[in-house]
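What follows is the residue order along each chain.
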Amino acid sequence: MQPALADWSSEELRQLATLFHRMVDDFLAHATENESEPQAAP
């Protein structure tokens, strides 16, 4: 990944890290919500 991001500015890398963390947090929250809901039989 390092070569692909070599031309990105420090600000762009900061934005990427911020959004990546947000995405992971949202995925985890969504997964936790789905685990607590009863699953319908197929």
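Now for a quick tour of the structure. (Residues numbered from 1 in each chain as written. Predicted model: local features only at pLDDT ≥ 70, side-chain atom pairs only at ≥ 80, totals over all residues. Heavy atoms only, no water.)

**So, the overall build of the chain**
Our working rule: In DSSP terms, a helix is any run of H or I states spanning at least four residues, a strand is any run of E spanning at least two, and both are numbered starting from the N terminus. The cut-offs for exposure are 20% and 50% of the maximum accessible area for each residue type, with area from a 1.4 Å probe on protein chains only; residues under the lower value are buried, those over the upper are exposed, and the others partly exposed. In short, Shrake-Rupley with a 1.4 Å probe defines the accessible areas, and a residue's cover is counted only from the protein chains shown.
Of the regular secondary structure elements, the chain holds two helices and zero strands. Per-residue burial over the chain gives 0% buried out of 42 residues. Surface exposure of the chain reaches about 4100 Å², of which carbon and sulfur atoms provide 61%.

**Description of a nonpolar patch on the surface**
Using the following cut-off: Note that patches include only residues with greater than 30% relative accessible area and no salt bridge, and the join distances are 9 Å for like charges and 5 Å for nonpolar side chains (Val, Leu, Ile, Met, Phe, Trp, Tyr). Take a side-chain nitrogen of Lys or Arg and a carboxyl oxygen of Asp or Glu: if they are within 4 Å of each other, that pair is a salt bridge.
A contiguous nonpolar patch, built from Phe20, Met23, Val24, Phe27 and Leu28 and spanning about 480 Å² of accessible area, is present on the exposed surface. Within the secondary structure, methionine 23 is located in helix α2 (residues 10-36).

**Digging into the pattern of salt bridges**
Note that side chains of opposite charge can pair when their charged atoms are close. Following the criterion strictly, the structure yields two salt bridges and no others. Between arginine 14 and glutamate 11 there is a salt bridge, and its shortest N-O distance comes to 2.6 Å. A residue pair is termed a helical-turn pair when its members lie 3 or 4 positions apart in one helix, as arginine 14 and glutamate 11 do in helix α2 at three residues. For arginine 14, a relative accessible area of 45% corresponds to the partly exposed category. Arginine 22 is the partner of aspartate 26 in a salt bridge, and the nearest nitrogen-oxygen pair spans 4.0 Å. Of the two residues, aspartate 26 and arginine 22 are both situated in helix α2; the distance of four residues between them amounts to about one turn of the helix.

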